[in-house]
Amino acid sequence: MKRKPNIAVVGATGVVGSTFLKILEERDFPFENIYMMASAKSAGKKLTFKGREYTVEELTEHSFDKPIDIALFSAGGGTSAKFAPIAAAHGTTVVDNSSQWRMNKEVPLVVPEVNPEDIKDNKGIISNPNCSTIQAMVALKPLHDKYGIRRVVFSTYQAVAGSGLKGINDLKNGIEGKDEPLQAYAHPIAYNCLPHIDVFTENGYSKEEMKMIDETHKILHDDKIGVTATTVRVPVYYGHSESINIELSKPFRLEDIVELFKSSPGIIVQDDPENAVYPLATEAAGTDEVYVGRIRRDFSVENGINIWCVADNVRKGAATNAVQIAEKLLETLPD
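First things first, this report covers the structure right here in the doc. (Residues numbered from 1 in each chain as written. Predicted model: local features only at pLDDT ≥ 70, side-chain atom pairs only at ≥ 80, totals over all residues. Heavy atoms only, no water.)

### Digging into helix α3 (residues 131-147)
Compared with the 24 Å implied by 1.5 Å per residue over 17 residues, the 25 Å span of α3 between its first and last C-alpha is a close match. The principal kink in α3, of about 35°, is found at L140, preceding the proline P142 by one to four residues. In terms of burial, α3 is a largely internal element, 14 of the 17 residues being buried. (Helix = DSSP H or I, 4+ residues; strand = E, 2+ residues; numbered from the N terminus. Expected span 1.5 Å × (residues − 1). Bend = angle between axes of the 7 residues up to and from the residue. Buried < 20%, exposed > 50% of the residue type's maximum accessible area, 1.4 Å probe, protein only.)

This is how it looks when you write it as structure tokens:
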């Protein structure tokens, strides 16, 4: 029997950090000791976990002097850039939710249903992919394995929770008609759609769009796939929705595609449009699965298919995926 690890949650008071704790409790993640860490601003706060009260400690260069096996980070790229290497140098394996390490060649980028084998190649840091990428990879992996993928067009409709509390506040204030300064967005998000997630790059794509392009190649280990993306922020609190257009390398029968999705890990098929059954963000919120529906042939291209893909961006798109990685790490712990 494997020993129970010592674990840490960095950024424990944030939206994703607090969800880390919720998921760890729900999945009854084994541990000997748990440490909750955050910035000096949040240090001293009390958090309840599994019926016990814990005091949040300030994250410092000495936080990992004590033995910690696994640390879940969700405290921003700058914090991860500074403290993840410190943790790794002390023998801690970091699962980082920021974008800081995702495209580092030395750091595996992992979705457990897709490329769990990459976990073994870690050198102390494992990166959690972008929220919109995670759910898409769960859906694309079985297609790529069986048919091969030539090209993907992502069109996303992303919830404000992806912007943290500031995004949630902007939507809430707008719906309630409060004349408050915008915290997260360049324009009001209430009753609006913003084709603007993260900053724009020199090629005209936003960083969010480039994340989806680059991360798809890395996770699927195939740079030959043509990938393009348009990412849009929509007035939904939780749950990203994605229209994914896929050009496969081989012919297919539509009924085989449906059965393939039904038999693939982490996917729930909801595909009966005549009876208004298809994935909805409101139903995906609070769950850990990826929902796939509106499965139909794209007649405009050879071997083309369209799907509608929905998942809770804070759970499967962040916290749950990281905890699933940590569960895989448990298998590598010494007795």
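The structure having been displayed, the exposition proceeds.
### Regarding unusual backbone geometry
Phi is positive for D28, close to 50°, though the residue is something other than glycine. Here D28 lies in the loop between α1 (15-26) and β2 (33-38).

### Observations regarding the packing of aromatic side chains
In total, this model carries five aromatic pairs according to the counting rule given. Geometrically, the ring pair formed by Y157 and W308 is tilted, given 5.6 Å between the ring centres and 50° between the ring planes. Taken together, the residues Y157 in strand β9 (residues 149-158) and W308 in strand β14 (residues 304-311) connect sequence positions 151 residues apart. Exposure remark for Y157: the relative accessible area of 34% places this residue in the partly exposed category. By relative accessible area, W308 is classed as partly exposed at 22%. Three or more aromatic residues link up through ring pairs in this structure, and these residues are F31, F49 and Y54. Positioned above the aromatic ring of Y35, the side-chain terminus of K66 is 5.0 Å from the ring centre. (Phe/Tyr/Trp six-rings, centres within 6.5 Å; stacked < 30°, edge-to-face > 60°. Lys NZ or Arg CZ within 6 Å of the ring centre and 35° of its normal.)

### Comments concerning helix α8 (residues 315-330)
N321 marks the point of greatest bend in α8, at about 35°. Summarising burial for α8: 14 of the 16 residues are buried, a large majority.

### A few points about the packing of α3 against helix α6 (residues 254-262)
In the contact formed by α3 and α6, the axes pass within 10 Å of each other and the chain directions differ by 125°. As the angle between them shows, α3 and α6 are arranged oblique. Judged by the sense of rotation from one axis to the other, the crossing of α3 with α6 is right-handed. Residues A139, P142, L143, K146 and Y147 of α3 touch α6, and the partners they reach there are D256, I257, L260 and F261. Classifying every residue of the contact of α3 with α6 gives seven nonpolar, no polar and two charged. (Axes fitted to C-alpha atoms, helices over the stretch in contact; angles between N-to-C directions. Parallel < 35°, antiparallel > 145°, perpendicular 65-115°, else oblique. Left-handed = near helix turned anticlockwise from the far one by under 90°. Contact = heavy atoms within 4.5 Å. Nonpolar A, V, L, I, M, F, W, Y, C, P; charged D, E, K, R; others polar.)

### Notes on the pairing of strand β1 (residues 6-10)
Among the five residues in β1, five count as buried, and that is most of the element. Alignment of β1 against β2, held across five bridges, turns out to be parallel. Considered in β2, the bridge of A8 is made with Y35. In this fold, the crossover linking β1 to β2 by way of α1 has right-handed handedness. Where β1 meets strand β6 (residues 70-73), four bridges bridge the pair, whose relative direction is parallel. (Pairing = 2+ DSSP bridges. Right-handed = clockwise from strand over helix to strand, strands pointing away.)

### Some details on the environment of G317
Note that G317 resides in helix α8. Counting along the chain gives 27 residues from G317 to V290, while the straight-line C-alpha distance between them is 9.5 Å.

### Quick look at the sheet that holds β1
The strand order β5-β2-β1-β6-β7-β8 describes an open sheet built from six strands, whose pairing is parallel. Only two strands of the sheet have a single neighbouring strand rather than two, namely β5 (57-58) and β8 (125-127). Of the pairings in the sheet, the one linking β2 to β5 comprises two bridges and is parallel in character. For A38, the partnering residue across the bridge sits in β5 and is E58. Docked against the sheet, α8 engages β6, β7 (93-96) and β8, running at close to 170° with respect to β6.

### Looking at the nonpolar core
The biggest cluster of nonpolar side chains holds 38 residues, and the ones touching the most others in it are L143, F154 and F261. If we ignore the near neighbours within four places in the chain, the residues touching L143 are G148, I149, I246, L248, I257, L260 and F261. L21, L24, M36 and L72 belong to the second-largest nonpolar core, a separate cluster that totals 32 residues. (Core = buried A, V, L, I, M, F, W, Y, C linked by side-chain atoms within 4.5 Å.)

### Details of the packing of α3 against helix α5 (residues 207-220)
Two quantities define a packed helix pair, namely the angle between the helix axes and the distance between the axes. Here α3 crosses α5 at 40°, and the two axes come no closer than 10 Å. As judged from the angle between their axes, α3 and α5 are oblique. Two packed elements cross with a definite hand, and for α3 against α5 that hand is right-handed. Within the contact between the two elements, α3 uses C131, S132, T133, A136, M137, K141 and H144 and α5 uses E208, K211, M212, E215, T216, I219 and L220. Residue composition of the contact of α3 with α5, by class: six nonpolar, four polar and four charged.

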